Amino acid sequence: MSSKYLLVTKKVKKFNKTLQVDGDKSISIRWLLLASQAIGISKAKNLLKSEDVLSGIDCIRKLGIKVNISDNNCIIYGRGINGFKYRKNIILNAGNSGTVGRLILPLLIKSPHKIKIIGDKSLSKRDFSRVINPLNKIGVKFYPRGKKRLPISILGSKYLRPINYHEKRGSAQCKTCVMLASLNTPGEMKIYAKRSRNHTELMFKSLKMPISIKKSGNVDFITTSSPQKLDSFNLNVPGDISSSAFFIALTLLSKNSQLVLKNINLNPSRLGIIKILNKMGASIKTKNIKSIRGEKCGDIFIKSTNNLKAINCPSSLNSSAIDEFLIIFLIAAKSKGVSYFKDLSELNKKESPRLKLGSKILNMIGVKTILTKDSIKIFGNPKIVLHKNYEIKNYLKDHRVMAMCTIAALTLGGVWKIYDPDSIQTSFPSFIKILKKEFDVKFL
Ligand code: S3P
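Residues numbered from 1 in each chain as written. Predicted model: local features only at pLDDT ≥ 70, side-chain atom pairs only at ≥ 80, totals over all residues. Heavy atoms only, no water.

**Focus on the domain arrangement of the protein chain**
Here's step 1: On domain assignment, one finds that the protein chain holds domain 1 (5-23 + 240-439) and domain 2 (25-225).
Here's step 2: Of the residues lining the interface, 25 residues belong to domain 1; the matching set on domain 2 comes to 26 residues.
Here's step 3: Both faces considered, domain 1 and domain 2 share a buried interface measuring about 2,100 Å² in area, 45% of it formed by carbon and sulfur atoms.
Here's step 4: Summed over the shared surface of domain 1 and domain 2, the result is four salt bridges.
Here's step 5: A salt bridge links Arg126 to Glu351, with the shortest nitrogen-to-oxygen separation between them at 3.8 Å.
Here's step 6: Looking at the side of domain 1 that touches domain 2, its residues break down into four nonpolar, ten polar and eleven charged. (Domains from an automatic or database assignment. Contact = heavy atoms within 4.5 Å. Buried area = accessible area lost by both parts, 1.4 Å probe. Salt bridge = Lys/Arg side-chain N within 4 Å of Asp/Glu carboxyl O. Nonpolar A, V, L, I, M, F, W, Y, C, P; charged D, E, K, R; others polar.)

In structure tokens:
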């Protein structure tokens, strides 16, 4: 698909479906980065083949790692810890991916040459000081000095030291950056991290890497150090709950419909969406739970309902739903009462300023909001039905804005022109295909 816009003119008809979504993005990126540091051949099944993950693969290929991708498998020929081939004048393009951009840096901290990291327009607006600062303390240099955004160059060092790092945002990317830096740093990295998705911790544990975790309230005290070596490892990547979220919303906002999503990652640190929606009156269930390398996976069962009610969302759930807020806002717009989401300044620091844009889109469809720099009140209307024409443009090609608007069009009505539909390739390449094949959606 490469049309200029997606034209959505009809709501989805009632459905009763079982389906799978693409592989989890966070786990896919972590697997490929760690497999590049392992010795020998690592294989992944169901690896997400989205633009973000392909950017990660391009980066490690430029660093001398051989990668084969076929329909079902991805094979990485790892060269061991710090086994990258550091040529001069390497430029790595992280594309749209904050995760690739921020998590490749700690693997480069021994590079004898400067390596330049670039990204697309959206990524070049995002803050990198959050990972530059701890890496500086470890002994890594960045150029130009003091620059906070891409493009930047990193220069490694032979003289690296472990740090005590206090992660206060609840950012898994920042926490993971320091954890990955410990692969190449002598001594013990000590991290006090506000709780966030823990895929890196689980992967370290399953690879028997040195890690200890002590939990206290909403903070984890993590220590990591370098393993002698890292053995190659295979992984079967479960479906992405962040992609599932759009089909959960499609079901909740449609009439008389039900859906089963098979083999989805159900890591508790990602389940904010289910907790929030169940507090709002949905009854989403998870079943057939198993564990893959420490990651809980299973099936999600969703039924549509007429009884969605507003939520005063506890900020303790923010981190575990951070990528799902746009679609949660849409559901709040069709729920009874005034919903309130707070302490969400991080949301404006994503691929687009999502708190602001989410509010703007709701206003466009006639839903009142009160927006501050870190909170939103949404005045829900369970009877909302749209008849007008809506255009979605200039949204920094944020994949989750694209998917949110597509779901709004398919459930609330109206005629929607959604520009840059290819933006969804960033995280969920099968999104449109699933809508066409499983839900009989016709895009004009
Ligand atoms: C991610 C962490 C989150 C999330 C992003 C993926 C990860 O970002 O928004 O899409 O894979 O670690 P922050 O850690 O910056 O909140």
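Let's pick the thread back up.
**Things to note about the site of the ligand**
Here's step 1: Around the ligand lies a shell formed by Ser26, Arg30, Thr99, Arg130, Ser171, Ala172, Gln173, Arg197, Ile322, Asp323 and Lys350.
Here's step 2: In this structure, Lys350 approaches the ligand through a side-chain N or O atom, which is 2.8 Å from an oxygen atom.
Here's step 3: In isolation the ligand has 380 Å² of accessible area, and contact with the protein removes 96% of it.
Here's step 4: Looking at the shell around the ligand, the elements that each hand over two or more residues are α1 (25-37) and α5 (172-181).
Here's step 5: Broken down by class, the residue content of the shell around the ligand amounts to two nonpolar, four polar and five charged.
Here's step 6: There are two domains that each give the shell around the ligand at least three residues, and those are domain 1 (5-23 + 240-439) and domain 2 (25-225). (Near = heavy atom within 4 Å. Polar contact = N/O pair within 3.5 Å; in protein donor to acceptor, adjacent residues only side chain to side chain. Areas by Shrake-Rupley, 256 points an atom, 1.4 Å probe, with all protein chains shown as cover. Helix = DSSP H or I, 4+ residues; strand = E, 2+ residues; numbered from the N terminus.)

**Points about the packing of helix α9 (residues 325-333) against helix α10 (residues 354-364)**
Two quantities define a packed helix pair, namely the angle between the axes and the distance from one axis to the other.
Here's step 1: Contact geometry of α9 with α10 gives a least axis separation of 10 Å together with a crossing angle of 30 degrees. Between α9 and α10, the interaxial angle falls into the category roughly parallel. α10 is crossed by α9, and the crossing has right-handed handedness. Contact residues: Leu326, Phe329, Leu330 and Ala333 in α9; Arg354, Leu355, Gly358 and Leu362 in α10.
Here's step 2: When grouped by side-chain class, the residues that make up the contact of α9 with α10 number six nonpolar, one polar and one charged. (Axes fitted to C-alpha atoms, helices over the stretch in contact; angles between N-to-C directions. Parallel < 35°, antiparallel > 145°, perpendicular 65-115°, else oblique. Left-handed = near helix turned anticlockwise from the far one by under 90°.)

**Examining the state of the cysteines**
Here's step 1: Taken as a whole and judged by the stated rule, the model has zero disulfides.
Here's step 2: Unpaired in this structure, Cys177 has its nearest cysteine sulfur neighbour in Cys174, at a distance of 7.3 Å.
Here's step 3: Cysteine Cys297 is unpaired, with the sulfur of Cys74 as its nearest cysteine sulfur at 19 Å.
Here's step 4: A residue is classified by how much of its surface remains accessible, and Cys297, at 0% relative accessible area, is buried. (Disulfide = S-S within 2.5 Å. Buried < 20%, exposed > 50% of the residue type's maximum accessible area, 1.4 Å probe, protein only.)

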